[in-house]
Amino acid sequence: PLSPPPRPPPASPEAADVPSPLTSYRRHGGLNCQGGGGGMMIDAPNSPVATNVDAAGCAALCHGTERCAATLHQSADYTWVPRLNKNCYNGAGATEVAIAMTGSSEVCLNMPLAECKTQCILVAECEGITWASSDSDDHGLCCLRKDITRRECDSGGGEWDTHELTRRPVGTRGGCWRMSGVTLSQCDAQNEGFDTYVRDERPAQPWWQTTHFAERVVMPRHYKCAASATCTLPELQNVVLPQLEAAGYSVVNIDWPVHASPDALFMGFGIHSPYDVDPLLGTTAEWDAFVAEAHERGIKVILDFNPSYWWTGSPTFKQAEAHVRTFGASRSRQPAGSPARWFRWRSSCGSSPLQKPPDDWDDLNDFTMDWVYSPDAEACYYAVWGGTGTPRYGGQPTADLASPEWRAELTNILTHWVTNRGADGFLIDAPPELLSAPGNAPNFDMSHALVASYIRDVIVDPVHALGAAVFGEIYNLKVPPIAKQFDGGRNTDMGGHGNPVVEGFPSLVHDMVVAQDARGLEPLLQRTVDVYTRWGIVPRTQPHSGGGRSLKGIKAAATALLGGYYYIRFGPDCSSPYETGYGASPAGNEWPGGCFGDWSAAPALASTLIAMRSSPALRPGTPRTKLALSGEAATRAYAALRMSEGTGALVLLNFANSQSVQVTLSAAALAASSIRTPQTPVDLIDGGDGPPMNGGSWRVTLPARGWKVYGVVLGGR
């Protein structure tokens, strides 16, 4: 548990108006550490220390209390009323609503009841859920609903229930509880009405939140930096890093840097040795030189991989098989320190089990979620990913988070890459599905709460203690209990690779620009970016790549200036390393291409990415106020003021494809937004002065598909 450091003599609650400048409180939105048992409460559940304070006032009360290490602040009031044995759907007492991650109102998903309620809360139009329980704990089929009229609903047939939601937002002021300590992994993450604020949490200044970072993903095994078939570490250091710096990128993501399986196995995603640099890329010394050069250029280095993915050909797994064959499938009988304890085993797995594939087999396109017989172990291991139907091979072994030995090893692996190899963070691939083998049931949806607690204890907290970041490949608010544990999740299109495409932020912005209509941008930000911000994490948002250079440019600018943590995965138009068998990706969600290089909008955006680091107002998560426009600009353009630390940044976008637009902000709008007048704004992108603000209306002309950002001083007249 996190405990408070020594503090000065306490102030009285009446005198504590703002938190001490010496103390910081980090928000964990949607975590209720009272309801989940993670908080050591100073105040009783029914007796908050205050009932009508904002988060800063709540923190001030904590600062004035000797034992206080964290606060719980009520941010909204959600009441659920169960309507048992009621099945409400289109044409029968309700209108169906799409779960955010599906894009279709006809799709229902399996999840716990509490998580289903969270999904409803995250969709503004949702007024309730229709839910069919299953035989497994509290899981069931989750469907979102609105316009519920109970008397018109069908009978639930003993299977379906409807739960109606009443929303009572409390604004910025609500109840406040103090805690003497908190264990975040034990808090209730299936909650949206309460936020937990932890005092002096490490790291004190998270790099991913204290400036604006633009990330470029690089897949060295599958790029051609020069003549070689693989980008080597010296090429990355001497060729790629200067290009990234010039293009405005401040983070490089090395996708799968560890010693891994041959490319024939899921493009080299199976672990051979998680502590070693991939020898196809270079030596350990060359890795260290690459990282040192990146840091010298002000570029962070993060690693994209998942240590839970193993390869049947790994010497470590072969040792595990040998120990299972000798000592049996029971973990308690296996030698202490044996890697056999990292995996889940059974002595048998049915009369016709899946078979372990050859070590060089291509397991590209499938998931196993089942037991696989290993003749070398004379037992069955659990596999999540890989496998093929003909011949009937199972997939690759998945390390098991239920194993305490694997949890300790996983922490050691991540610690090694930060302390010994200089990594600034990680992107964990597909954590909801692939971080653990869930019990004896093949349905991985059953383990979200358990996986979330392990992620916090085993991955996030130890890496944070080293000052590094942990992002998760969590798509579009999917699985909130897990998403909230990470420092950021993906805000993008979903699907492709043979699955239906669900339009997310990139494609929806693309549609607006093609339609030359910016009116949907603010609602889109509210239901995507603002949810991540409310949780206290960053949305990792990439732009849509389709269209000509000007179309790409304005979409990328809107994404970088408003979408949170900006990143790029795709390269120039060249063959995919996954060839045709992997399937096409949506235009905003490409895997990186088969050769390195930047996309055509990069030169137009470079000065914007570089300039964004100069303004605290443009950091991920800073407050945003949309400014009203009139005339043609009300449809074609977008204007917003972003704010932080007494400074502001005016973001102006023109979605019109062939004509300039004049943006006019009235004197009343400027005054209401707290922009000081008179002043001369600073052009943050091109440098120099912007049009002066002299107390009347302020006007700027934006070129077709153009954008401007002006630094302004806040504080009124």
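Cut-offs applied
- Residues numbered from 1 in each chain as written.
- Predicted model: local features only at pLDDT ≥ 70, side-chain atom pairs only at ≥ 80, totals over all residues.
- Heavy atoms only, no water.
- Helix = DSSP H or I, 4+ residues; strand = E, 2+ residues; numbered from the N terminus.
- Buried < 20%, exposed > 50% of the residue type's maximum accessible area, 1.4 Å probe, protein only.
- Areas by Shrake-Rupley, 256 points an atom, 1.4 Å probe, with all protein chains shown as cover.
- Salt bridge = Lys/Arg side-chain N within 4 Å of Asp/Glu carboxyl O.
- Pairing = 2+ DSSP bridges.
- Polar contact = N/O pair within 3.5 Å; in protein donor to acceptor, adjacent residues only side chain to side chain.
- Contact = heavy atoms within 4.5 Å.
- Disulfide = S-S within 2.5 Å.
- Axes fitted to C-alpha atoms, helices over the stretch in contact; angles between N-to-C directions.
- Parallel < 35°, antiparallel > 145°, perpendicular 65-115°, else oblique.
- Nonpolar A, V, L, I, M, F, W, Y, C, P; charged D, E, K, R; others polar.
- Left-handed = near helix turned anticlockwise from the far one by under 90°.
- Expected span 1.5 Å × (residues − 1).
- Bend = angle between axes of the 7 residues up to and from the residue.
- Phe/Tyr/Trp six-rings, centres within 6.5 Å; stacked < 30°, edge-to-face > 60°.
- Core = buried A, V, L, I, M, F, W, Y, C linked by side-chain atoms within 4.5 Å.

A.B. asks: Any chance you could explain the overall build of the chain here in plain terms?
C.D. replies: Within the chain one finds 16 helices and 38 strands. When each of the 717 residues of the chain is scored for burial, the buried share is 58%. When the accessible surface of the chain is split by element, carbon and sulfur atoms take 50% of a total near 26400 Å².

A.B. asks: Hey, could you run me through the pattern of salt bridges in this one?
C.D. replies: Opposite charge on two side chains permits them to pair, given that their charged atoms come into close proximity. Tallied over the full model, the rule gives 28 salt bridges. Two residues, Asp-43 and Arg-178, come together in a salt bridge whose shortest N-O distance is 2.7 Å. Here Arg-178 lies in strand β14 (residues 174-182) and Asp-43 lies in the loop between β2 (39-41) and β3 (50-53), a separation of 135 residues in the sequence. Exposure remark for Asp-43: the relative accessible area of 7% places this residue in the buried category.

A.B. asks: How should I be thinking about the sheet that holds strand β38 (residues 707-713) in this particular structure?
C.D. replies: Strand pairing in a sheet is mediated by backbone hydrogen bonds. Such pairs are either parallel or antiparallel. Strand order in the open sheet made by the five strands is β32-β33-β34-β38-β36, with antiparallel pairing throughout. Because the sheet does not close on itself, it has two edges, and the strands there are β32 (624-626) and β36 (682-683).

A.B. asks: Would you take a moment to explain the side chain of Thr-130 for this structure?
C.D. replies: Considering the arrangement of structural elements, one finds Thr-130 in strand β10 (residues 128-133). A distance of 3.1 Å separates a polar atom in the side chain of Thr-130 from a polar atom in the side chain of Thr-162. Leaving out residues up to four positions away in the same chain, Thr-130 has contacts with Lys-86, Asn-87, Cys-88, Leu-141, Cys-142, Cys-143, Arg-145, Trp-160, Asp-161 and Thr-162.

A.B. asks: Help me out: how do you make sense of the environment of Asp-188 in this one?
C.D. replies: Considering the arrangement of structural elements, one finds Asp-188 in the loop between β14 and β15 (194-199). As for Asp-188 and Asn-32, which are separated by 156 residues in sequence, their C-alpha atoms are 5.0 Å apart.

A.B. asks: Looking at this model, I keep getting lost on the environment of Asp-530. Mind explaining?
C.D. replies: In this structure, Asp-530 sits in helix α12 (residues 529-535). Assessed through its relative accessible area of 23%, Asp-530 is described here as partly exposed. Put simply, Asp-530 and Thr-622 are 92 residues apart on the chain and 9.8 Å apart in space, counted from C-alpha to C-alpha. Apart from the residues lying within four places of it in its own chain, the contact partners of Asp-530 are Leu-525 and Arg-624. Here the side chain of Asp-530 touches Arg-624 through a polar contact of 2.8 Å, side chain to side chain.

A.B. asks: Would you take a moment to explain the state of the cysteines for this structure?
C.D. replies: Two cysteines whose sulfur atoms are joined by a covalent bond form what is called a disulfide. According to the stated counting rule, one finds eight disulfides in the structure shown. Across a sulfur-sulfur distance of 2.1 Å, Cys-88 and Cys-153 are joined as a disulfide pair. Where Cys-88 bonds to Cys-153 through sulfur, the torsion about that S-S bond is close to 105°, and the disulfide is right-handed. Of this pair, Cys-88 sits in the loop between β6 (86-87) and β7 (89-90) while Cys-153 is found in the loop between β11 (139-146) and β12 (154-155), placing the two residues 65 residues apart along the sequence.

A.B. asks: In this structure, what is going on with the packing of helix α13 (residues 549-562) against helix α14 (residues 602-612)? I would like to understand it.
C.D. replies: Packed helix pairs are characterised by how far apart their axes lie and by the angle those axes make with each other. For the pair α13 and α14, the least separation of the axes is 10 Å and the interaxial angle reads 10°. Classified by the angle between their axes, α13 and α14 sit roughly parallel to one another. Of the residues in α14, those touching α13 at Gly-553, Ala-556, Ala-557, Ala-560 and Leu-561 are Leu-605, Thr-608, Leu-609 and Met-612. Of the residues belonging to the contact of α13 with α14, the class tally is seven nonpolar, two polar and no charged.

A.B. asks: So what exactly am I meant to see when it comes to the sheet that holds strand β20 (residues 300-304) here?
C.D. replies: Strand order in this open sheet of eight strands is β26-β25-β20-β17-β16-β31-β30-β27, and the pairing throughout is parallel. Edge positions in the open sheet fall to β26 (469-472) and β27 (488-491), since each of these has one partner strand only. Ignoring which end each strand starts from, the neighbouring axes of this sheet average 25° apart. Here strand β30 (residues 538-541) pairs with strand β31 (residues 565-568) via two bridges, running parallel. Bridge assignment links Thr-541 to a residue of β31, and that residue is Tyr-566.

A.B. asks: Can you walk me through α14 in this structure?
C.D. replies: Because an α-helix completes one turn every 3.6 residues, residues spaced three or four positions apart along the sequence face the same direction. Along α14, the residues classified as buried are Ala-602, Leu-605, Ala-606, Thr-608, Leu-609, Ala-611 and Met-612. In the core, the buried residues of α14 are packed alongside β16 (214-218), α3 (233-246), α13, β31 and β38.

A.B. asks: For this particular structure, what's the right way to read the packing of α3 against helix α4 (residues 284-296)?
C.D. replies: Remark: α3 packs on α4, axes separated minimally by 8 Å, with the N-to-C direction vectors making an angle of 15°. Comparing their axes, α4 and α3 come out roughly parallel. Once α3 is placed against α4, the crossing between them reads as left-handed. Packed against α3, whose contacting residues are Leu-233, Pro-234, Leu-236, Gln-237 and Leu-241, the element α4 presents Glu-286, Trp-287, Ala-289, Phe-290, Glu-293 and Ala-294 at the interface. In terms of residue class, the contact of α3 with α4 is built from eight nonpolar, one polar and two charged.

A.B. asks: Just to check I follow, could you spell out α3 for this structure?
C.D. replies: With 14 residues, α3 extends 19 Å from end C-alpha to end C-alpha; this agrees with the ideal 20 Å at 1.5 Å per step. At Val-240, α3 shows its strongest bend, of approximately 40°, with the proline Pro-242 following within four residues. Considered for burial, the residues of α3 that qualify are Leu-233, Glu-235, Leu-236, Gln-237, Val-240, Leu-241 and Leu-244. Looking at the residues trailing α3, positive phi occurs at Gly-248, about 95°.

A.B. asks: How should I be thinking about the pairing of β10 in this particular structure?
C.D. replies: The side chains of a regular strand alternate between the sheet's two faces. With respect to burial, β10 is a largely interior element, five of its six residues being buried. Judged from the six bridges that link them, β10 and β11 form a sheet pairing that is antiparallel. Bridge pairing links Ser-133 to Gly-140 in β11. Here β10 pairs with strand β13 (residues 160-169) via five bridges, running antiparallel. Across the sheet, residue Gly-128 finds its bridge partner in β13, namely Glu-164.

A.B. asks: Can you walk me through the packing of aromatic side chains in this structure?
C.D. replies: Aromatic ring pairs are reported here in terms of the distance separating the ring centres and the angle at which the planes meet. Counted under the stated rule, the structure contains 22 aromatic pairs. Centre to centre, the rings of Trp-256 and Phe-305 are 6.3 Å apart; their planes meet at 85°, and the pair counts as edge-to-face. Of the two residues, Trp-256 is situated in the loop between β17 (251-255) and β18 (258-260) and Phe-305 in the loop between β20 and α5 (315-327); the sequence distance between them amounts to 49 residues. Accessibility assignment for this pair places Trp-256 and Phe-305 in one class, buried. Geometrically, the ring pair formed by Trp-287 and Trp-417 is edge-to-face, given 5.5 Å between the ring centres and 85° between the ring planes.

A.B. asks: Is there a simple way to think about the side chain of Glu-321 in this case?
C.D. replies: Within the fold, Glu-321 resides in helix α5. What Glu-321 contacts, discounting residues up to four positions off in sequence, is Trp-345, Lys-356, Ser-374, Asp-376 and Ala-377.

A.B. asks: Sorry, what's going on with the environment of Thr-368 here?
C.D. replies: Along the chain, Thr-368 turns up in strand β23 (residues 367-374). According to the relative accessible area criterion, Thr-368 is buried, its value standing at 14%. In this structure, Thr-368 is in contact with Leu-354, Ala-383, Val-384, Trp-385, Gly-386, Gly-387, Gly-394 and Gly-395, ignoring residues within four places of it in sequence. From its side chain, Thr-368 meets the backbone nitrogen of Gly-395 in a polar contact 2.9 Å long.

A.B. asks: Even after reading the chapter, I still don't get the nonpolar core, so can you show me in this structure?
C.D. replies: Side chains of a nonpolar character, in soluble globular proteins, are inclined to be buried together. If you look at the biggest cluster of nonpolar residues, it comprises 117 residues, and the most contacted ones within it are Trp-287, Phe-290, Phe-305, Trp-345, Trp-417, Tyr-566 and Leu-653. Beyond its immediate chain neighbours, meaning those up to four positions away, Trp-417 contacts Pro-257, Val-258, Pro-274, Tyr-275, Asp-276, Val-277, Trp-287, Leu-303, Phe-305, Gly-422, Ala-423 and Phe-426. Of all hydrophobic cores here, the second largest spans 22 residues; its members include Leu-627, Leu-629, Val-663 and Val-700.

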